[in-house]
Amino acid sequence: MYVDMAVLDEECTRLACLMADRSMEHLVVPEARSPEQQGADLEAEFSSELENSYGRIAAAGSDPECILPSMLMGMAGKLAILATDVSLRGNRDAAYVI
């Protein structure tokens, strides 16, 4: 059982940047969509991105059964939350913080 940790880390960082970017957009840009539509759109976007990340990690030689999408999303989500918080407190770009 093998997981390419460098690619896993890269994909986690990429997903976290995407999540943090969407969080910052939500905080500073007025939203014309309903909360339900916004949630559905975000879910579709993240599902697609998670699928792409899974594919890249597997293509790097990782055993597919060792890649847990829920773990990847959980790690990226925690990193995004921390980065958004630090970004707001320090007036820095969330992607820079990540």
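See the structure above.
Calculation rules
- Residues numbered from 1 in each chain as written.
- Predicted model: local features only at pLDDT ≥ 70, side-chain atom pairs only at ≥ 80, totals over all residues.
- Heavy atoms only, no water.
- Helix = DSSP H or I, 4+ residues; strand = E, 2+ residues; numbered from the N terminus.
- Buried < 20%, exposed > 50% of the residue type's maximum accessible area, 1.4 Å probe, protein only.
- Contact = heavy atoms within 4.5 Å.
- Areas by Shrake-Rupley, 256 points an atom, 1.4 Å probe, with all protein chains shown as cover.
- Lys, Arg positive; Asp, Glu negative; His and termini not counted.
- Charge placed at Lys NZ, Arg CZ, Asp CG, Glu CD.
- Expected span 1.5 Å × (residues − 1).
- Axes fitted to C-alpha atoms, helices over the stretch in contact; angles between N-to-C directions.
- Parallel < 35°, antiparallel > 145°, perpendicular 65-115°, else oblique.
- Left-handed = near helix turned anticlockwise from the far one by under 90°.
- Nonpolar A, V, L, I, M, F, W, Y, C, P; charged D, E, K, R; others polar.

*Asks:* Before we go on, may I ask you to explain the overall build of the protein chain in this structure?
*Replies:* Helix and strand counts for the protein chain come out as four helices and zero strands. Written out in order from the N terminus, the α and β elements of the protein chain read α-α-α-α. If one aligns the C-alpha atoms of the protein chain with their principal axes, the spans along those axes are about 45 × 30 × 15 Å. Per-residue burial for the protein chain yields a buried fraction of 28% across its 98 residues. A separation threshold of at least 6 residues defines the contact pool for the protein chain, and within that pool the share at least 24 residues apart is 71%. Taken as a whole, the protein chain presents about 6,200 Å² of accessible surface, with 58% of it coming from carbon and sulfur. When the 7 positive and 17 negative side-chain charges of the protein chain are each reduced to one mean point, those points stand 7 Å apart.

*Asks:* Is there a simple way to think about the side chain of S87 in this case?
*Replies:* Relative to the helices and strands, S87 is located in helix α3 (residues 69-90). Taking relative accessible area as the criterion, S87 reaches 3% and is therefore assigned buried.

*Asks:* I keep staring at helix α1 (residues 5-28) and nothing clicks. Help me out?
*Replies:* In an α-helix, one full turn covers 3.6 residues, which means residues spaced three or four apart are oriented alike. Taking 1.5 Å per residue as the helical rise, α1 with its 24 residues ought to reach 34 Å, and the 34 Å between its terminal C-alpha atoms agrees with that figure. Within the span of α1, buried status applies to V7, L8, E11, C12, L15, A16, L18, M19, A20 and M24. The secondary structure elements touched by the buried residues of α1 are α2 (35-59), α3 and α4 (94-97).

*Asks:* Would you take a moment to explain the packing of α2 against α3 for this structure?
*Replies:* Direction vectors running N to C along α2 and α3 enclose 115°, while the axes themselves pass 11 Å from each other. On the basis of the axis angle, α2 is roughly perpendicular to α3. The chirality of how α2 crosses α3 is right-handed. Here F46, L50, S53, Y54 and I57 of α2 lie close against α3, whose contacting residues are P69, L72 and M73. In the contact of α2 with α3, the residues fall into seven nonpolar, one polar and no charged.

*Asks:* Just checking my understanding: could you explain α2 for this structure?
*Replies:* With 25 residues, α2 should cover 36 Å at 1.5 Å per step; its first-to-last C-alpha distance of 36 Å lies within 8% of that length. The complete set of buried residues in α2 reads Q38, F46, L50, S53 and I57. Each element contacted by the buried residues of α2 is listed here: α1 and α3. A positive backbone phi angle near 105° is found at G61, which sits one or two residues after α2.

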